[in-house]
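# Coordinate inspection notes
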Amino acid sequence: MLPFTTARLLGHPACDDDFASLRILHEDPRVMATLAPDGRPRDAQFTRAMLARMRSHWERHDFGVWMLTRAEDGIFTGYAGLQHLQIDGETEIEVMYAIRADLWRRGYASEAAAASLSYGFATLGAASLVAITLVNNHGSRAVMEHCAMRYERDIEHAELPHVLYRITAAEFGGANVGGHA
Ligand SMILES: CC(C)(COP(=O)(O)OP(=O)(O)OC[C@H]1O[C@@H](n2cnc3c(N)ncnc32)[C@H](O)[C@@H]1OP(=O)(O)O)[C@@H](O)C(=O)NCCC(=O)NCCS
């Protein structure tokens with residue numbers, strides 16, 4: 001497993017010690033509005049279960065979601081990374097990300113998503129990578145477009161309408177995907 005770093009962020013594989021950090025996201029209605037199926041904050045049990053899933057994904061596949069801290073001051077910033085996702089019977093690898101609300105719109109999600117894609121292609125050797133989001137999650141769609149991902153189709157996920165974006169290794173190699181300017 002290679003270290004995960006971007007220009008401004010450091011990542012480590014999600015583990016149980018990240019509970020307090022992840023609560024910052026799960027307790028915040030601004031973050032959960034587009035992350036939870038019902039758009040509401042989640043309790044501690046949900047956070048523990050999510051960390052257990054993330055840890056298990058790392059153990060089984062040797063890749064997964066990184067918890068992010070800001071290099072300049074070490075504060076928890078959010079998470080980003082890669083995980084397996086079943087879509088219409090196919091196993092894909094999705095890039096996923098969430099940033100704490102007081103640090104939105106500073107380019108952190110785009111920077112972390114671009115680095116995750118780079119890891120997926122360069123280290124995992126993926127042929128293509130996907131991202132999904134709720135149709136009206138304009139911030140997340142903007143992050144995907146910043147990373148040169150292209151809209152592929154509408155899908156249903158968790159019984160809600162989502163959009164599926166994709167990028168191939170060749171497209172990523174040819175695109176100028178750098179995250180934060
Ligand atoms: C979506 C999210 C990850 C964006 O994080 P971020 O660090 O603010 O994103 P960036 O700063 O990299 O912004 C990328 C682009 O999205 C735009 N953007 C960010 N939030 C936006 C919003 N709410 N509406 C419209 N555009 C938005 C930014 O302006 C930027 O575009 P620009 O450079 O052309 O101005 C963040 O809002 C978040 O964590 N939301 C809650 C969790 C979530 O929805 N995660 C994604 C699940 S699929």
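Look up a bit, the structure's there.
In this report, we go over the structure that sits alongside the text. Remember, predicted model here, so these are calculated numbers, not experimental data.

## What about the overall build of the chain?
Secondary structure assignment for the chain yields six helices and eight strands. At 15 Å, the chain has a C-alpha radius of gyration in line with the 16 Å of a compact globule built from 181 residues. Taken over the C-alpha atoms alone, the chain extends approximately 40 × 40 × 35 Å along its principal axes. Buried residues in the chain amount to 48% of all 181 residues. Taking the intrachain contacts of the chain between residues at least 6 apart in sequence as the baseline, contacts between residues at least 24 apart amount to 59%. As presented, the chain carries roughly 9000 Å² of accessible surface, and 51% of it is formed by carbon and sulfur atoms. Of the side-chain charges in the chain, 17 are positive and 23 negative, and the distance between the mean point of each set is 4 Å.

## Re the site of the ligand
As a matter of local geometry, the ligand sits amid 22 residues, with T34, I99, R105, G107 and S110 nearest to it. With respect to the ligand, the backbone of R106 contributes an N or O atom lying 3.3 Å from an oxygen atom. N137 has a polar side-chain atom sitting 2.8 Å from an oxygen atom of the ligand. Protein contacts shield 75% of the accessible area of the ligand, which totals 910 Å² for the unbound molecule. Elements represented by at least two residues in the shell around the ligand include exactly β5 (90-99), α4 (108-122), β6 (128-134) and α5 (138-146).

## Describing the pairing of strand β3 (residues 65-70)
Extensive coverage of β3 is indicated by the burial of five of its six residues. Pairing geometry for strand β2 (residues 9-13) and β3, over five bridges, is antiparallel. The partner of L9 across the bridge, within β3, is R70. In textbook terms, the turn of a hairpin is the stretch between consecutive antiparallel strands, and for β3 and strand β4 (residues 76-87) this stretch comprises five residues, one of which, G74, has a positive phi near 75°.

## Quick word on the pairing of β6
In terms of residue burial, β6 counts as a mostly covered element, since seven of its seven residues are buried. The sheet contact formed by β6 and strand β8 (residues 160-168) spans seven bridges and is antiparallel. In the strand pairing of β8, I132 is matched with L164.

## Some remarks on the nonpolar core
Counting 34 residues, the largest nonpolar core has V95, Y97, L117 and M149 as its most contacted members. Of all the elements in the fold, those that place two or more residues in this core are β3, β4, β5, α4, β6, α5 and β8. For this core, the element with the highest residue contribution is α4, accounting for nine residues. Excluding residues that lie within four positions of it along the chain, M149 makes contacts with V95, L117, L129, V130, A131, M144, Y165, R166 and I167. Counting 16 residues, the second largest nonpolar core, distinct from the first, contains M32, L51, M54 and M67.

## Section: helix α1 (residues 19-26)
Looking only at α1, the buried set comprises S21, L22, R23, L25 and H26. Check the buried side of α1 and you find it contacts α2 (29-32), α3 (44-61), β3, β4 and β5.

## Examining the packing of aromatic side chains
Within this structure, the stated rule accounts for five aromatic pairs. Ring centres 5.6 Å apart and planes at 70° place the aromatic pair W58 and W66 in the edge-to-face group. Just as W58 is buried, W66 falls in that class too. A ring pair is formed by W66 and Y119, whose centres lie 4.9 Å apart and whose planes are at 75°; its orientation type is edge-to-face. Of this pair, W66 sits in strand β3 while Y119 sits in helix α4, and the two are 53 residues apart along the sequence. A single burial state applies to W66 and to Y119, both of which are buried.

Reading guide: rules and limits
Residues numbered from 1 in each chain as written. Predicted model: local features only at pLDDT ≥ 70, side-chain atom pairs only at ≥ 80, totals over all residues. Heavy atoms only, no water. Helix = DSSP H or I, 4+ residues; strand = E, 2+ residues; numbered from the N terminus. Rg over C-alpha atoms; globule rule 2.2 N^0.38 Å. Buried < 20%, exposed > 50% of the residue type's maximum accessible area, 1.4 Å probe, protein only. Contact = heavy atoms within 4.5 Å. Areas by Shrake-Rupley, 256 points an atom, 1.4 Å probe, with all protein chains shown as cover. Lys, Arg positive; Asp, Glu negative; His and termini not counted. Charge placed at Lys NZ, Arg CZ, Asp CG, Glu CD. Near = heavy atom within 4 Å. Polar contact = N/O pair within 3.5 Å; in protein donor to acceptor, adjacent residues only side chain to side chain. Pairing = 2+ DSSP bridges. Core = buried A, V, L, I, M, F, W, Y, C linked by side-chain atoms within 4.5 Å. Phe/Tyr/Trp six-rings, centres within 6.5 Å; stacked < 30°, edge-to-face > 60°.

These figures capture arrangement, not role.
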